[in-house]
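An overview of the molecular structure
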Amino acid sequence: MIIALLGCSSTIESGVEQIKSLRPNVVFLDISSDDHYFFELLSTLEFNLPKLIFISSDITNALVAFKYNSVDFIIKPITFNSIIKSIYKSIKLLEMERIYQEQKIKVINSINSSAPNVDYVAISSVDKIELIQMKDIIFCQADGKYTNFHLTDGRKVMSCRNLGEYNTILDSNYFFRIHHSYIINLRHIGKISKKDGYFCELSNRVTLPIAKRRQDDFNKFIKLKE
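This section reports on the structure supplied with the text. Since the structure is predicted, the reported quantities are computational estimates derived from the model, not experimental observations.

Rules and cut-offs
Residues numbered from 1 in each chain as written. Predicted model: local features only at pLDDT ≥ 70, side-chain atom pairs only at ≥ 80, totals over all residues. Heavy atoms only, no water. Helix = DSSP H or I, 4+ residues; strand = E, 2+ residues; numbered from the N terminus. Buried < 20%, exposed > 50% of the residue type's maximum accessible area, 1.4 Å probe, protein only. Contact = heavy atoms within 4.5 Å. Areas by Shrake-Rupley, 256 points an atom, 1.4 Å probe, with all protein chains shown as cover. Pairing = 2+ DSSP bridges. Axes fitted to C-alpha atoms, helices over the stretch in contact; angles between N-to-C directions. Core = buried A, V, L, I, M, F, W, Y, C linked by side-chain atoms within 4.5 Å. Salt bridge = Lys/Arg side-chain N within 4 Å of Asp/Glu carboxyl O.

From N to C terminus, the protein includes 6 helices and 13 strands. Relative to its full complement of 226 residues, the protein shows a buried share of 38%. Of the contacts formed within the protein by residues at least 6 apart in sequence, a portion of 43% connects residues at least 24 apart. Summing over all exposed atoms, the protein offers an accessible surface of approximately 13800 Å²; the carbon and sulfur share of this is 54%.

So this is what it looks like as structure tokens:
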């Protein structure tokens, strides 16, 4: 099988929530041209958007499909061949994007390996490669196969690489993985709380848990910096 049906919805709100939680590669969309609310909600998502395939009995909705960069437009009545063709187009596009991402990662690896002791890190986001100073990173957060960088200027930059890869790239003198989902920058720790667990409060007022099995190593890590 090349596809699996992850979910379906008859309402815009429920559909967007499913996209957030399930993160499908492709979404078949049967809505009217007046349903701009769906696209407003979709634009708030902070990860690579799924490929859209429009389904409609009204050929004029093809203009809407074109406006929102739809992979394909299927006119009703739906046929088996039209579905297969649309899926094939989506797979080819996803494959092209995967190759492009791999090329970007090679560039990033080259940058990071050529100067391992510099004070910046190369981050491949959705549409560009950014060089970000490590001192400006407050913490990194795992988000499935992606990583979110929370920065001192309030921005959140998403990388196409997973958190484990950055655990070996970031400066080990200042960055520590306190949890399966978080790497923090020691320079931005405000205080550490031991009430009802072990937590660290960061300079942006975000409080993150320190995993129990990492607490001893974290204490040793702090003492090395005192």
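What follows covers the sheet that holds strand β11 (residues 189-193). Pairing is antiparallel in the open sheet, where 3 strands are placed in the order β11-β12-β13. A strand with exactly one partner marks an edge of an open sheet, and here the two such strands are β11 and β13 (207-209). Neighbour-to-neighbour, the strand axes of the sheet open up by a mean angle of 25°, direction not taken into account. Pairing of β11 with strand β12 (residues 199-202), which is carried by 4 bridges, proceeds in the antiparallel orientation. Opposite isoleucine 192, over in β12, you have cysteine 200 as the bridge partner.

Moving on to the nonpolar core. Counting 16 residues, the largest nonpolar core has Phe38, Phe39 and Phe54 as the members making the most contacts within it. Those elements that provide at least two residues to this core are α1 (12-22), β1 (26-29), α2 (36-42), β2 (51-56) and α3 (62-67). The leading source of residues in this core is α2, at 4 residues. Sequence-distant contacts of phenylalanine 39, defined by excluding residues within four places in its chain, comprise Leu29, Ile31, Leu52, Phe54, Val64 and Tyr68.

Here the focus is the sheet that holds strand β7 (residues 146-151). Pairing within the open sheet is antiparallel, and its 5 strands lie in the order β8-β7-β6-β10-β9. For this open sheet the edge positions go to β8 (156-159) and β9 (175-179), each flanked by a neighbour on one side alone. Across the sheet, the mean angle from the axis of one strand to that of its neighbour is 20°, orientation sign disregarded.

Within the secondary structure layout, proline 209 lies in strand β13. In this structure proline 209 comes out as partly exposed when scored by relative accessible area, which is 28%. C-alpha of proline 209 to C-alpha of isoleucine 192: the two residues are 17 residues apart in sequence and 9.8 Å apart in space. Setting aside chain neighbours within four positions, we find proline 209 in contact with Ile178, His179, Tyr182, Tyr198 and Phe199.

Per the stated rule, a full pass over the model turns up 8 salt bridges. Between glutamate 165 and arginine 161 there is a salt bridge, with its nearest N and O atoms 3.0 Å apart. Note on glutamate 165: relative accessible area 29%, which makes it partly exposed. One network of salt bridges, in which partners are shared, links Glu130, Asp153 and Arg155.

With omega at 0°, the peptide bond leading from lysine 76 into proline 77 counts as cis. With respect to the secondary-structure elements, proline 77 resides in the loop between β3 (72-75) and α4 (80-114). Unlike most non-glycine residues, arginine 23 shows phi in positive territory, near 50°. Within the secondary structure, arginine 23 sits in the loop between α1 and β1. Note on arginine 23: relative accessible area 28%, which makes it partly exposed. We note that arginine 205 has phi near 70°; this positive angle belongs to a residue other than glycine. With respect to the helices, strands and loops of the structure, arginine 205 is situated in the loop between β12 and β13. Arginine 205 gets classed as exposed once you look at its relative accessible area, which sits at 71%.

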